[in-house]
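# Structure assessment
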Amino acid sequence: MTTAAHDREVFDHIAPRYDVVSRVMTLGRGDRWRQASARAADLHAGASALDACTGTGDLALMLADRVTPLGEVMGVDHSPEMIARARMKGQATGRHCSFHVGDCTDLAFPDDRFDAATASGGLRGMDDPAAAIAEMARVVRPGGRVVLLEITPPERLRGIHARVLRMATPAVGGLLGGDARAFRHLAETVADVPPPERVAALMAHAGIGDIRWQRLAGGMATLHAGVVTG
Ligand SMILES: C[S@@+](CC[C@H](N)C(=O)[O-])C[C@H]1O[C@@H](n2cnc3c(N)ncnc32)[C@H](O)[C@@H]1O
């Protein structure tokens, strides 16, 4: 099985419990970080945005708040079960946002289709993060933003952080009635996220300029943003 197929299977499996476990992994700060990502996308009312690797759709729905009433947001994820949950949330909150099953390393959108593209937690566990970043840059018009948010090991606590995540995430997932092994994948892939300099280099290679990154909460997460030069 490829890494992508394994990842899709894991997310299908943990989808019903993903939101709670994600809250534990981010110590309750995930939505604050997603809001920072939505701000960094620099969208105005009426704009269009893509949320790649949207999962259960939280960041996509925050983007939708920013482009309402005439704008549009699309969320794409390769896990049908995560997308099903995103659709339920979208319907429950009444926000204008559509969710689609798809591969973010091979997006089914034309060039320059969106004003911005975001991804949160999308690069980890990916076979080819460079392809995903290149696709995000391709579908954003010149002048639009690409924003990437990842949970990252805090620099000074790298070893401890990895150990705590590796112990706590499967335990919490298991307590919630899930398969602890599936949740281990979530914790272990945090270590796969390329370092910030490497992410910035991949962005530059994809034709993104004015790249800035900031560490959030002492380095527990890193937010990259840049402008498509076209
Ligand atoms: C850690 S979750 C993040 C979900 C959400 N963005 C959030 O902020 O909580 C990573 C998501 O990326 C998706 N994913 C990973 N590789 C993908 C790919 N190549 N194409 C589409 N989705 C992918 C997974 O299915 C999963 O839902």
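Before going into details, it helps to say that this report is about the structure given with it. Keep in mind that what you see is a predicted model, and the values were worked out from it rather than measured. Residue numbers here run from 1 along each chain, matching the order of that chain's written sequence. In keeping with the model being predicted, local features are shown solely for residues with a pLDDT of at least 70 and side-chain atom pairs are shown and tallied solely at 80 or more, while totals for entire chains, interfaces and linings include all residues.

## What about the overall build of the chain?
A run of H or I in DSSP becomes a helix once it reaches four residues, and a run of E becomes a strand once it reaches two; helices and strands are each numbered from the N terminus. On a plain count of helices and strands, the chain comes out with nine helices and seven strands. A total of 230 residues make up the chain; the buried ones form 46% of that total. By definition, residues are in contact whenever their C-beta atoms, placed on the basis of the backbone, come within 7 Å of each other. A fraction of 70% describes how many contacts in the chain between residues 6 or more apart in sequence connect residues 24 or more apart. Burial in this document is a count-based property: other C-beta atoms within 10 Å of a residue's C-beta are tallied, and the residue is buried at 20 or more, exposed at 12 or fewer, or partly exposed in between, with C-beta positions derived from the backbone.

## A closer look at the nonpolar core
General note: in soluble globular proteins, nonpolar side chains tend to be found buried as a group. Residues enter a nonpolar core if they are buried, belong to Ala, Val, Leu, Ile, Met, Phe, Trp, Tyr or Cys, and are joined to the set through C-beta atoms within 7 Å. Counting 63 residues, the largest nonpolar core has Ala49, Ala52, Leu63, Ala117, Met136, Val140 and Val146 as its most contacted members. Considering each element in turn, this core owes the most residues, seven residues, to helix H4 (residues 58-67). The residues contacting Ala49, other than those within four sequence positions of it, are Ala41, Leu43, Leu63, Val67, Val73, Phe114, Asp115, Ala116, Ala117 and Thr118.

## Some thoughts on the environment of Ala86
Here Ala86 shows up in helix H5 (residues 80-93). Separated by 32 residues in sequence, Ala86 and Thr54 have C-alpha atoms that sit 8.1 Å apart.

## Observations concerning helix H3 (residues 30-40)
Taken together, the buried positions of H3 are occupied by Gly30, Trp33, Arg34, Ser37, Ala38 and Ala40. The buried residues of H3 occupy an angular sector of 160° when projected down its axis, which confines them to one face. Taken together, the buried residues of H3 touch helix H2 (18-25), H4, strand E4 (114-120), strand E5 (140-151), strand E6 (208-216) and strand E7 (221-228). Following H3 by one or two positions, Asp42 adopts a phi angle in the positive range, close to 55°. Here the arc refers to the directions that run from the helix axis out to each C-beta atom.

## Notes on the environment of Thr68
Topologically, Thr68 is positioned in the loop between H4 and strand E2 (72-77). Thr68 gets classed as partly exposed once you count the C-beta atoms within 10 Å, which come to 15. Along the chain, Thr68 and His44 lie 24 residues apart, while their C-alpha atoms are 8.6 Å from each other.

## Overview of the site of the ligand
Working rule for contacts: place C-beta from the backbone, and if it is within 6 Å of a molecule or strand, that residue counts as near it. Every one of the 22 residues lining the ligand counts as a neighbour, but Cys53, Gly55, His78, Ser120 and Gly121 are closest to it. Amino acids are sorted into nonpolar (Ala, Val, Leu, Ile, Met, Phe, Trp, Tyr, Cys and Pro), charged (Asp, Glu, Lys and Arg) and polar (every other residue, Gly among them). Looking at side-chain class alone, the shell around the ligand contains seven nonpolar, nine polar and six charged residues.

## Some words on H5
Helices are assigned an expected span. That span is 1.5 Å times one less than the residue count. Here H5 contains 14 residues, and its C-alpha end-to-end distance of 20 Å stays within 8% of the 20 Å for a straight helix at 1.5 Å per residue. What H5 keeps buried is the set Met82, Ile83, Ala86 and Gly90. End-on view of H5: buried residues confined to an arc of 95°, all on one side of the axis. Facing away from the buried side of H5, by more than 90 degrees, are the exposed residues Pro80, Gln91 and Ala92. The secondary structure elements touched by the buried residues of H5 are helix H1 (3-14), H2, H4, E2 and strand E3 (98-101). Once H5 ends, the next one or two residues include Gly94, with phi positive near 70°.

## Looking at the packing of helix H6 (residues 129-139) against helix H9 (residues 196-205)
All axes here are fitted lines through C-alpha atoms, helices being fitted over the stretch that makes contact, and every angle between N-to-C directions spans 0 to 180 degrees. Packing of H6 against H9 leaves a shortest axis separation of 9 Å and a crossing angle of 45°. Here H9 runs oblique to H6, going by the angle between their axes. Like other packed secondary-structure pairs, H6 and H9 cross with a definite hand, here right-handed. Taken together, the residues of H9 that come into contact with H6 (itself represented by Pro129, Ala130 and Ile133) are Leu202, Met203 and His205. Broken down by class, the residue content of the contact of H6 with H9 amounts to five nonpolar, one polar and no charged. When describing relative orientation, an angle under 35 degrees is termed roughly parallel and one over 145 degrees roughly antiparallel, while 65 to 115 degrees is termed roughly perpendicular and anything else oblique. Helix crossings get a hand from a simple test, with the near helix turned counterclockwise from the far one by less than a right angle marking a left-handed crossing and a clockwise turn marking a right-handed one.

## Section: the pairing of E2
Among the six residues in E2, five count as buried, and that is most of the element. Handedness of the β-α-β unit built from strand E1 (residues 48-52), H4 and E2 comes out right-handed. For two strands to be treated as a pair, DSSP must find no fewer than two bridges joining them. Of the pairings in the sheet, the one linking E2 to E3 comprises four bridges and is parallel in character. Bridge pairing in E3 places Asp77 opposite Val101. When the strands point away from the viewer and the path from the first strand over the helix to the second turns clockwise, the crossover is right-handed. Handedness of the E2-H5-E3 crossover: right-handed.

So far we have only geometry, and geometry alone does not tell us how the molecule works.
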